[in-house]
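Now for the letters of each chain:
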Amino acid sequence: MPLKTVDATVSDFEEVFERFKSENSQNQLKFLLFLANKDPSTSLSWCPDCNVAEPVIYEKLEASQSDVALLRGYVGDKGTWRNPSHPWRVDPRFKLSGVPTLIRWENEAIIGRLEDHEAHVGNKIDALLASN
């Protein structure tokens, strides 16, 4: 099934997230993927784990038999992300500790998540896709 992606930054996240949540498709699975920003000169993230996980995540979500929507939230540059009061580190909805973090979002809540050290593991992504 097609994978629909939308991107957000810290500055526009709330507006984009509200739109993302309100677009209700009956059987659509919703995921949030928090990532480090990419370097425009290389198109690579400053985060090596993001560079490893992204292609695996996209491959798995695109292969899903379900309709999948993905909101990618870019955390900023390394200095911004390392700040302990980064908005997504302290936000009670997400409580991020690392990137990448892949979250399955359903009924206004997290129903599953993969943290930075496991977000690239194919069978864990499959399990997250299958969770009810």
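Residues numbered from 1 in each chain as written. Predicted model: local features only at pLDDT ≥ 70, side-chain atom pairs only at ≥ 80, totals over all residues. Heavy atoms only, no water.

The protein chain is annotated in an unreviewed UniProt entry as Thioredoxin-like protein Clot of Phoenix dactylifera. A UniProt comment under Sequence similarities (unreviewed entry) is attached to the protein chain, and it reads "Belongs to the thioredoxin family." Taken from UniProt, the Function (unreviewed entry) comment for the protein chain reads in full: "Probable thiol-disulfide oxidoreductase that may participate in various redox reactions." (UniProt positions renumbered as here; feature names shortened; annotations may be inferred.)

Lay out the nonpolar core with the relevant residues and their values.
Within the largest apolar cluster, 38 residues are counted, with the highest numbers of intra-cluster contacts made by Phe 31, Leu 32, Phe 34, Ile 57, Phe 94 and Leu 102. Counting only elements with at least two residues in this core, the list comes to β1 (3-9), α1 (13-22), β2 (28-35), α2 (48-63), β5 (67-74), β6 (101-106) and α5 (122-130). With 6 residues, the top contributor of residues to this core is β2. (Core = buried A, V, L, I, M, F, W, Y, C linked by side-chain atoms within 4.5 Å. Buried < 20%, exposed > 50% of the residue type's maximum accessible area, 1.4 Å probe, protein only. Helix = DSSP H or I, 4+ residues; strand = E, 2+ residues; numbered from the N terminus.)

Which residues make up the packing of α2 against α5, and what values do they have?
Packing of α2 against α5 brings their axes to within 10 Å, and their N-to-C directions diverge by 40 degrees. Classified by the interaxial angle, the pair formed by α2 and α5 is oblique. The handedness of the crossing between α2 and α5 comes out as right-handed. In contact with Val 56, Ile 57, Lys 60 and Leu 61 of α2, α5 contributes Gly 122, Ile 125, Asp 126 and Leu 129. Within the contact of α2 with α5, the residues separate by chemical class into 5 nonpolar, 1 polar and 2 charged. (Axes fitted to C-alpha atoms, helices over the stretch in contact; angles between N-to-C directions. Parallel < 35°, antiparallel > 145°, perpendicular 65-115°, else oblique. Left-handed = near helix turned anticlockwise from the far one by under 90°. Contact = heavy atoms within 4.5 Å. Nonpolar A, V, L, I, M, F, W, Y, C, P; charged D, E, K, R; others polar.)

Outline the sheet that holds β5, listing residues and values.
Pairing within the open sheet is mixed, and its 5 strands lie in the order β1-β5-β2-β6-β7. Edge positions in the sheet fall to β1 and β7 (109-114), since each of these pairs with one other strand and no more. This sheet shows a mean twist of 25 degrees between the axes of neighbouring strands, independent of strand direction. Strands β1, β2, β5 and β6 of the sheet are contacted by α2, whose axis makes an angle of about 170 degrees with β2. (Pairing = 2+ DSSP bridges.)

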